[in-house]
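Residue-level listing of the chains:
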Amino acid sequence: LLGRAYSLVITDLRMPRVSGMELIDSIHAHNLPVTVIVTTGHGSISEAVQAMRLGAYDFLSKPPDPQRLCLLVERALQERALRDE
């Protein structure tokens, strides 16, 4: 998987080695053309706002509604394709 280009990352806020916030920050610090959707089961409004300020595309509470997630992914990929052109 390393060395491959990805258009979209769906990440949790709380992970064992790196937090979702650190991941978003790192993606943007390296100017990677990746759209980030954050999901969490323990999120707060302040964390959602912080994730969006760091550059997250959207923030979902777990468990996400499958239809909403699919629509969000579709929309995010369409917007990413336009930005990449």
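Every value quoted in this text rests on a predicted model; they were computed, and no experiment measured them.

The rules we used
- Residues numbered from 1 in each chain as written.
- Predicted model: local features only at pLDDT ≥ 70, side-chain atom pairs only at ≥ 80, totals over all residues.
- Heavy atoms only, no water.
- Helix = DSSP H or I, 4+ residues; strand = E, 2+ residues; numbered from the N terminus.
- Rg over C-alpha atoms; globule rule 2.2 N^0.38 Å.
- Buried < 20%, exposed > 50% of the residue type's maximum accessible area, 1.4 Å probe, protein only.
- Pairing = 2+ DSSP bridges.
- Axes fitted to C-alpha atoms, helices over the stretch in contact; angles between N-to-C directions.
- Contact = heavy atoms within 4.5 Å.
- Salt bridge = Lys/Arg side-chain N within 4 Å of Asp/Glu carboxyl O.
- pLDDT = per-residue confidence, 0-100.

Brief notes about the overall build of the protein
And step 1. From N to C terminus, the protein includes three helices and three strands.
And step 2. Its C-alpha atoms give the protein a radius of gyration of 13 Å, near enough to 12 Å, the size a compact globule of 85 residues would have.
And step 3. Based on the C-alpha atoms only, the size of the protein along its principal axes is roughly 35 × 30 × 25 Å.
And step 4. Split into buried and exposed, the 85 residues of the protein put 32% on the buried side.

Quick notes on the sheet that holds strand S1 (residues 8-12)
And step 1. One open sheet holds the three strands; their spatial order is S1-S2-S3, and the pairing between them is parallel. Lying at the two open borders of the sheet, with one neighbouring strand each, are S1 and strand S3 (58-61). In this sheet, adjacent strand axes meet at a mean angle of 20° when their direction is disregarded.
And step 2. Looking at chain direction, strand S2 (residues 35-40) and S3 are connected through four bridges and run parallel. Opposite valine 38, over in S3, you have phenylalanine 59 as the bridge partner.
And step 3. Across the sheet, helix H1 (residues 20-29) touches S1 and S2, and the angle it forms with S1 is around 155°.

Remarks on the pairing of S2
And step 1. Counted residue by residue, S2 has six buried out of six residues, so it is predominantly covered.
And step 2. Neither face of S2 is left uncovered, since the one carrying Thr35, Ile37 and Thr39 and the one carrying Val36, Val38 and Thr40 both have all their residues buried.
And step 3. Bridge count for S1 against S2 is five bridges, and the pairing is parallel. Along S2, the bridge assignment pairs aspartate 12 with threonine 39.

Quick notes on the pattern of salt bridges
And step 1. Scanning the entire structure with this criterion turns up seven salt bridges.
And step 2. Across the pair arginine 75 and aspartate 58 runs a salt bridge whose closest N-O atoms are separated by 3.9 Å. Of this pair, arginine 75 sits in helix H3 (residues 66-84) while aspartate 58 sits in strand S3; the two residues are 17 residues apart in sequence, bridging distant segments of the chain.
And step 3. Owing to a relative accessible area of 40%, arginine 75 belongs among the partly exposed residues under this scheme.
And step 4. The closest approach of N and O atoms between glutamate 79 and arginine 83, which form a salt bridge, is 3.9 Å. Placement of the pair is glutamate 79 and arginine 83 together in helix H3, with a separation of four residues, close to one helical turn.

Describing the confidence of the model for the protein
And step 1. Averaged over every residue, the pLDDT of the protein is 88; the share at 70 or more is 96%.
And step 2. No element of the protein has a lower mean pLDDT than helix H2 (residues 45-54), which averages 86, and none a higher one than H3, which averages 93.

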